[in-house]
Amino acid sequence: MQLIPMLQRLIAANSISSVNSSIDQGNRVVIDLLANWLEGLGFTTEVMPLADPRKANLIATLGSGPGGLVLAGHTDTVPCDESQWRHDPFKLVEKDHRLYGLGTCDMKGFFPLVIEAVRHFVGQPLKQPLIILATADEESSMAGAQLLAAAGRPRARYALIGEPTGMKPINMHKGIMVEKLVIEGHSGHSSDPSLGRNAMETMHSVLGELLTLRNELRDNYHNPAFSVSYPTMNLGCIHGGNNPNRICGQCELGFEVRPLPGMDMAKLQETIRERVLPLQKRDGVVITIEHYCVPAFATAENSAMVEICESLTRHSCEAVSFATEAPYLKDLGMDVVILGPGNVEQAHQPDEYLALERIQPTIDFLIQLIGRCCL
């Protein structure tokens, strides 16, 4: 099977992952396709189920030994609004020298390119193993990467994550803290404010505290490697109350913080609690905060993988503000770089695409990388 038919089948398999259970899908069809193709090339495959039986990771290994290279990517996609697409997002469409489809860029499109590169090494004795890693739920919970970290697998010396970077090597990214803050007040008739505790009014104070903290983070932390050189905070969504003539009994805020490498995320979460929780006593409400985070990432200063990727691409490493599975692979002892054929500007967008002109250069790069790390 050639590259385009492989990508057609991957795009056709709906593997949306979402915190919204009504649209959340499994990725087993994608995992089983990849396992079957890689077994046909001589790989030993292991499917690692997640708690949700619809979902799994794949570890496919060619060769053996303590070192080697991991080529990694996630098999899930973000949700999409099909009405905003000019083409069916689950049908690969080639037009204007582009391949359109949900996941072509971020990042199902990476796997057929890997497989095409791997064909050049079938039958060759590898001095170090080549491992293809496909994960679940990167776009929603990082559950697949977290399962790998807990299992302590796989092990290798080097790792490349094929996220969309425009074929430029990335050696640093911000973390992400997703915060859910809920205020429980007490509803009542709006004609008498003393009958209730207005959660929306407390939320007004919460927003003020958070915006003050946002400005402090902007003023006190900087890293010039990033195009946005400071930690950011985004107030993303808010929901509260159900009628104008009723005291708001509950109000919920979703926000995120993107800290720089080196910042203590646990300390930052504690700072948020210290700023917000005292409002409970003042207003007679209950405030709860739930945290979800992905650590920031930076390679070691003497990273051999950085040197390899810079020499092969002739691009110096850069920093990005989006988060990846890199910190989890780094914690497993790997020297990690992020590099893939897509552009992040096309990711998470209607009419997502991968430019045809990126395909052969990516395959050529992967062939050279495998040769450097495994032969």
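About the criteria used
- Residues numbered from 1 in each chain as written.
- Predicted model: local features only at pLDDT ≥ 70, side-chain atom pairs only at ≥ 80, totals over all residues.
- Heavy atoms only, no water.
- Pairing = 2+ DSSP bridges.
- Helix = DSSP H or I, 4+ residues; strand = E, 2+ residues; numbered from the N terminus.
- Axes fitted to C-alpha atoms, helices over the stretch in contact; angles between N-to-C directions.
- Salt bridge = Lys/Arg side-chain N within 4 Å of Asp/Glu carboxyl O.
- Buried < 20%, exposed > 50% of the residue type's maximum accessible area, 1.4 Å probe, protein only.
- Disulfide = S-S within 2.5 Å.
- 1 Å grid on protein atoms, 1.4 Å probe; cavity = no way out; pocket = protein on both sides within 12 Å on 5 of 7 lines; lining within 4 Å.
- Points joined across faces, edges and corners; volume = space filled by probe spheres on them.
- Core = buried A, V, L, I, M, F, W, Y, C linked by side-chain atoms within 4.5 Å.
- Contact = heavy atoms within 4.5 Å.
- Arc of directions from axis to C-beta.

Draft legend 1. Structural context of the sheet that holds strand β16 (residues 353-355). Within the open sheet, the 3 strands sit side by side as β4-β5-β16. Their pairing is antiparallel. A single partner strand is all that each edge strand has here, and the edge strands are β4 (93-95) and β16. When the angles between neighbouring strand axes are averaged without regard to direction, this sheet yields 25°.

Draft legend 2. Examining the pattern of salt bridges more closely. By the definition in use, this model includes 13 salt bridges. With a shortest N-O distance of 3.2 Å, R119 and E116 are connected by a salt bridge. Note on R119: relative accessible area 32%, which makes it partly exposed. Through salt bridges with shared partners, a single network forms among D24, D52, R54, K55 and D137.

Draft legend 3. Summary view of the state of the cysteines. The final tally for this structure, using the stated rule, is 0 disulfides. No disulfide involves C80; its sulfur sits 14 Å from that of C105, the nearest cysteine. Looking at C317, it has no disulfide partner, and the nearest cysteine sulfur is the one in C309, 6.9 Å off. With relative accessibility at 18%, the residue C317 sits in the buried group.

Draft legend 4. Up close: the layout of surface pockets. Taken as a whole, the largest pocket encloses approximately 1,200 Å³ of empty space. For the largest pocket, the lining is made up of 43 residues, of which E139, S140, I176, V178 and E256 are closest to its centre. Secondary structure elements with two or more residues in the lining of the largest pocket: β9 (176-184), β10 (232-240), β11 (250-258) and β12 (286-294). In terms of residue count, β11 provides more of the lining of the largest pocket than any other element does, 6 residues in total.

Draft legend 5. Spotlight on the nonpolar core. Of all hydrophobic cores here, the largest spans 55 residues; its most connected members are L69, L71, L130, L160 and L369. No other element matches helix α10 (residues 359-374), which puts 8 residues into this core. Beyond its immediate sequence surroundings of up to four residues, L71 is in contact with V114, L130, I131, I132, L133, L160, L366, L369 and I370.

Draft legend 6. Structural detail: helix α1 (residues 3-12). For α1, the set of buried residues is L3, M6, L7, L10 and I11. One side of α1 holds all its buried residues, which, seen down the axis, span an arc of 130°.

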